[in-house]
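Residue-level listing of the chains:
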Amino acid sequence: MNNPIPTLTVAKFGGTSVADLTALNHCADIIQSDPSVRLVVVSAAAGVTNRLVELASGSLDEPRRQLLLREVAAIEYAMLDRLDNPATIAAELDGYLTEMDRLSGSLSDQPGCAESMDRLLSMGERCSSLMMTQLLSQRGVPARNFDACQVMRTDDHFGRATPEIGAIGRLARERLAPLLESQVVVTQGFIGSDNGGRVTTLGRGGSDFSAALMAEGLGAQTLAIWTDVDGIYSCDPRVVSDARPIEELSFNEAAEMATFGSKVLHPATILPAVRSGTSVFVGSTRAPEQGGTWIRNRCDSKPVFRALSLRRQQTLLTCHSLNMLHAQGFLAELFAILARHRISVDLITTSEVSVALTLDQTGSDSSGRALISDALLEELSPLCRVEVEQDLALVAVIGNHIAHTAGIGLKVLEAMSGSNVRMICQGASAHNLCFLVKGEEGEAVVRRLHQSLLPA
């Protein structure tokens, strides 16, 4: 077994950070400025994945399909044509674009083939890693393009595959670690392969998760997430204009923020970092000199109120059944059905004869298919009467010792006076207090809470 590299940083660059050659050069500057960066994980260029998702739908007429293919090609060729020696990778890029055409055409003839959809969706990341590797090479940086499928082992649930953590760690040490000693390795986020070698995807936003799993497997000291914002803020600045950057977060706080709506980090990213003790940095490729947010196992400040998160498009599922009354096994059966449909529950409250669950309607697989399906509701119907409320907003108050600090509930609810709270969940975690409100009230509620709990 290879020993971990003494000082290793895994750097992940998101879609806006690899959107064009100017953005790629910012990434290259960051990589060259830090000798500890040996593994680079890239997303598809901004705009590419959305077009590939539409191409994968199989529901397009031929003019629309050809238009989308031309638009993807234009994004990629705009970068290729500005490289010093584009001919060195032109044939490989053309091969990816030809494969996009072939796969999207086959999906038009046979829509719904999940395996073909994942192969198509993987092409955006492959193009990005090709461009990044070539740019680093022309700058004189020894660089190698590496197929993530050699390391990212998953199950065969196409569109939202589950990583096999033990296998990923072993393969990372065997196949990746030896390459990092003498060069920068560039690979793809979001994609992997099952035991049969078939390409899978981890779902939208899975590039952060990929990078975190590789960092864990390699024993990296730091995982740097480079995006278009200079760190994590006390709230989404687009919602709260006076939101302020946070210099340092604990793993627990960051996990709550990612889970309950922060778009900066994929919710699963923190888990591998917690297991491996890897510090996580979030910064902007456009302004790396401004610093960012560090996420560590321990941090010096532990305020009661740290941040607010807002997650839109929430669904409340209320399941009524007299069989719940003084009975055993109802919840077990309910959650078994949800598990069969690969549904993850966020919040839960119960009464004598009903249970209310929140499900994230924004959650979908890589193709954009909704996770709340008619098949799920049909399977639930013999067990209970189901009520579905949609277009709700989940607001999370995030901080420390919330479950053990007197007066928290009063202060929060006073700031929310005038808004109808559909559901409250507090006590399971010392780091959050969550509630549901009408979707159209979500932003106003968050602004009032920020003014009351996190004044400038």
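Shown above is the structure to which this text applies.
Reading the values: the criteria
Note that residues are indexed from 1 along each chain, following the sequence as it is written. Per-residue local features of the predicted model are confined to residues with pLDDT of at least 70, and side-chain atom pairs are confined, for both listing and counting, to 80 or more; whole-chain, interface and lining totals are unaffected and use all residues. The side-chain figures draw on all heavy atoms in the structure; neither hydrogens nor water molecules are used. Numbered from the N terminus, helices here are DSSP runs of H or I no shorter than four residues, and strands are runs of E no shorter than two. Note that the radius of gyration is over C-alpha atoms, with the globule rule given as 2.2 Å times the number of residues to the power 0.38. Exposure classes here rest on a 1.4 Å probe applied to the protein chains alone. A residue is buried below 20% of its type maximum, exposed above 50%, and partly exposed in between. The Shrake-Rupley method, run with a 1.4 Å probe, gives the accessible areas here. Residue values count only the displayed protein chains as cover. The convention is simple: Lys and Arg are positive, Asp and Glu are negative, and His and the chain ends are not counted. A charge is said to be at NZ when it belongs to Lys, at CZ for Arg, at CG for Asp and at CD for Glu. Side-chain rings of Phe, Tyr and Trp (the six-membered ring for Trp) are treated as a pair once their centres are within 6.5 Å; stacked means planes under 30 degrees apart, edge-to-face means over 60, and tilted covers the remaining angles. The patch calculation keeps residues exceeding 30% relative accessible area without a salt bridge and links them within 9 Å when they carry like charges or within 5 Å when they are nonpolar (Val, Leu, Ile, Met, Phe, Trp, Tyr). The term salt bridge refers to a side-chain nitrogen of Lys or Arg lying within 4 Å of a carboxyl oxygen of Asp or Glu. Whether two residues touch is decided by their heavy atoms; if any such pair falls within 4.5 Å, the residues are in contact. Here a helix's expected span is defined as the number of its residues, less one, multiplied by 1.5 Å. A pair of strands is treated as paired once DSSP finds two or more bridges between them. Angular values range over 0 to 180 degrees, each being the angle between N-to-C directions of two axes fitted as lines to C-alpha atoms, with helices fitted over their stretch in contact. An angle counts as roughly parallel when it lies under 35 degrees, as roughly antiparallel when it exceeds 145, as roughly perpendicular when it falls between 65 and 115, and as oblique in every other case. If you view the pair so one helix is near and one far, a crossing is left-handed when the near helix is turned anticlockwise from the far one by less than a right angle, and right-handed when it is turned clockwise. The criterion is simple. A nonpolar core is a set of buried Ala, Val, Leu, Ile, Met, Phe, Trp, Tyr and Cys residues joined through side-chain atoms within 4.5 Å.

Undergrad: Could you clarify how one ought to interpret the overall build of the protein chain in this entry?
TA: If you tally the helices and strands in the protein chain, you get 14 helices and 16 strands. The C-alpha atoms of the protein chain give 23 Å as radius of gyration, which agrees with the globular expectation for 456 residues (23 Å, within 12%). By the burial criterion, 54% of the 456 residues in the protein chain qualify as buried. Summed over its atoms, the accessible surface of the protein chain is roughly 19,300 Å², and 49% of this surface lies on carbon and sulfur atoms. In the protein chain, the 39 positive side-chain charges and the 52 negative ones have mean positions that sit 3 Å from each other.

Undergrad: Even after reading the chapter, I still don't get the packing of aromatic side chains, so can you show me in this structure?
TA: Centre-to-centre distance and the angle between the planes together describe a pair of aromatic rings. Throughout the structure, instances matching the rule amount to 2 aromatic pairs. Residues phenylalanine 281 and tryptophan 294 carry aromatic rings whose centres are separated by 5.1 Å and whose planes lie at 50 degrees to one another, so their mutual orientation is tilted. Taken together, the positions of phenylalanine 281 in strand β9 (residues 279–284) and tryptophan 294 in strand β10 (residues 292–296) put the pair 13 residues apart, joining distant regions of the chain. Classification of tryptophan 294 by relative accessible area gives partly exposed; the value is 28%. Following the ring pairs from residue to residue traces out a cluster consisting of Trp226, Phe281 and Trp294.

Undergrad: What is the right way to read a nonpolar patch on the surface from this model?
TA: Residues Leu331, Phe335 and Ile348 make up a contiguous nonpolar surface patch of about 210 Å² in total accessible area. Inspection of the secondary structure assignment puts isoleucine 348 in strand β12 (residues 348–350). Of the residues examined, isoleucine 348 reaches a relative accessible area of 32% and is grouped as partly exposed.

Undergrad: How do you make sense of unusual backbone geometry when you look at a structure like this?
TA: Residues other than glycine predominantly adopt negative phi, and peptide bonds predominantly adopt the trans conformation. Within the chain, phenylalanine 190 stands out as a residue other than glycine whose phi angle is a positive 80 degrees. Position of phenylalanine 190 relative to the elements: it lies in the loop between β4 (184–188) and β5 (191–193). Judged by its relative accessible area of 4%, phenylalanine 190 is buried. Residue arginine 342 is not a glycine yet carries a positive backbone phi of 55 degrees. Examined against the element boundaries, arginine 342 turns out to sit in the loop between α11 (330–340) and β12. For arginine 342, a relative accessible area of 31% corresponds to the partly exposed category.

Undergrad: I would appreciate a short explanation of the side chain of glutamate 99 in the present structure.
TA: Tracing the sequence through the fold places glutamate 99 in helix α4 (residues 87–109). Ignoring any residue separated from it by four or fewer positions in sequence, one finds glutamate 99 in contact with Arg119 and Met123.

Undergrad: Would you mind going over helix α6 (residues 123–138) with me for this structure?
TA: Turn by turn, an α-helix covers 3.6 residues, leaving residues three or four places apart pointing in a common direction. The end-to-end C-alpha separation of α6 is 23 Å, in line with the 22 Å expected for 16 residues at 1.5 Å each. One or two steps after α6, the chain reaches glycine 140, where phi turns positive at roughly 90 degrees.

Undergrad: For this particular structure, what's the right way to read the sheet that holds β10?
TA: Strands belonging to one sheet form pairs held by backbone hydrogen bonds; the direction of such a pair is parallel or antiparallel. Strands sit in the order β3-β4-β2-β1-β7-β9-β10-β8 across an open sheet of 8 strands; the sheet is mixed. A single partner strand is all that each edge strand has here, and the edge strands are β3 (143–145) and β8 (248–250). Mean inter-strand twist for the sheet, computed between neighbouring axes without regard to direction, equals 20 degrees. Relative to β10, β8 runs parallel, the two sharing 3 bridges. Its bridge partner lying in β10, leucine 249 is registered against isoleucine 295. The strands touched by helix α1 (residues 21–33) within the sheet are β1 (9–13), β2 (37–42), β4 and β7 (222–227), with β1 carrying the most contacts at an inclination of about 175 degrees.

Undergrad: Teacher, can you tell me more about the packing of α1 against α6 here?
TA: The geometry of a pair of packed helices is captured by two quantities: the angle between their axes and the separation between those axes. Where α1 meets α6, the axes come as close as 10 Å, and the angle between the chain directions of the two elements is 60 degrees. Here α6 runs oblique to α1, going by the angle between their axes. Both α1 and α6 take part in a crossing whose hand is right-handed. Between α1, through Leu21, Leu24, Asn25, Cys27, Ala28 and Ile31, and α6, the contact on the second element is made entirely by Met131, Met132, Leu135 and Leu136.

Undergrad: What should I look at first to understand the nonpolar core in this one?
TA: The nonpolar side chains of a soluble globular protein tend to be buried, and buried together. Formed by 111 residues in total, the largest nonpolar core has its most connected members in Phe13, Leu39, Met100, Met132 and Ile295. Counting 24 residues, the second largest nonpolar core, distinct from the first, contains Cys235, Val397, Ala415 and Leu449.

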